[in-house]
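Structural overview for review
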Amino acid sequence: MRTWISLPIVLMLGVATQAHAQGLERGARDGRERGEAIAGPLGAAVGGAIGAAVGTANNILGIDRRDRFRIYVLGERRPSFAYAGPVRVGTVLPEDGVVYYDVPPEFALPNYNYTILNDHPVLVEPRTRRIVEVIE
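The notes below deal with the structure included here.

Topic: helix α3 (residues 62–76)
- The terminal C-alpha atoms of α3, which comprises 15 residues, lie 21 Å apart, in line with the 21 Å expected from a rise of 1.5 Å per residue.
- If you check which residues of α3 are buried, you get Gly-62, Arg-65, Arg-66, Phe-69 and Val-73. Down the axis of α3, the buried set is contained in an arc of 120°. They therefore lie on one face. For α3, the exposed residues lying more than 90 degrees away from the buried face are Ile-63, Asp-64, Ile-71, Leu-74 and Gly-75.

Given below as structure tokens:
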């Protein structure tokens, strides 16, 4: 017996995924799991794609934690490092000359660090030193 996923289910899946998506990987994972629960393998494929798109739009911190993180960083009064290159997602920062700080546990991002570049807080993947989110 085939299970077909209808457009209303796809739309509901997208709304459910949007509420919980926090970045590309988490969005894709959540969407895939919810889609599979609703409509099997086809739902997993559709849900993963929708979740990835929504997760990317929401960034890693997500809409709900973004302002709280910005307030936290400003309260810490960390020094801002002058950086001559572009401060944008994907930029790989130098090994030397920049200090990276742990993201507090309350933000549930144990695999990331942050720093301040040209007065902009940024989340950084510590292994590669790649900027994964610029906090505006």
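Considerations on the nonpolar core
- Counting residues in each nonpolar core, the largest one holds 13 residues, and the members touching the most others are Leu-61, Phe-69, Val-103, Leu-109, Tyr-114 and Leu-123.
- Every element with two or more residues in this core is listed here: α3 and β2 (113–117).
- With 9 residues, the next largest nonpolar core counts Phe-81, Val-98, Leu-117 and Ile-131 among its residues.

Some details on the pairing of strand β3 (residues 120–125)
- A large share of β3 lies buried, amounting to 5 of its 6 residues.
- Two strands pair when backbone bridges link them, and β2 and β3 are joined in this way by 5 bridges, in the antiparallel orientation. Along β3, the bridge assignment pairs Tyr-114 with Leu-123.
- Remark: 2 residues form the turn of the hairpin made by β2 and β3, two consecutive strands paired antiparallel; Asn-118 in that turn has positive phi of roughly 50°.
- Two strands pair when backbone bridges link them, and β3 and strand β4 (residues 130–134) are joined in this way by 4 bridges, in the antiparallel orientation. Note that in β4 the partner of Leu-123 across the bridge is Glu-133.
- From the end of β3 to the start of β4, which pair antiparallel, there are 4 residues, and Arg-129 there has a positive phi angle of about 60°.

Quick notes on the rules
Residues numbered from 1 in each chain as written. Predicted model: local features only at pLDDT ≥ 70, side-chain atom pairs only at ≥ 80, totals over all residues. Heavy atoms only, no water. Helix = DSSP H or I, 4+ residues; strand = E, 2+ residues; numbered from the N terminus. Expected span 1.5 Å × (residues − 1). Buried < 20%, exposed > 50% of the residue type's maximum accessible area, 1.4 Å probe, protein only. Arc of directions from axis to C-beta. Core = buried A, V, L, I, M, F, W, Y, C linked by side-chain atoms within 4.5 Å. Pairing = 2+ DSSP bridges.

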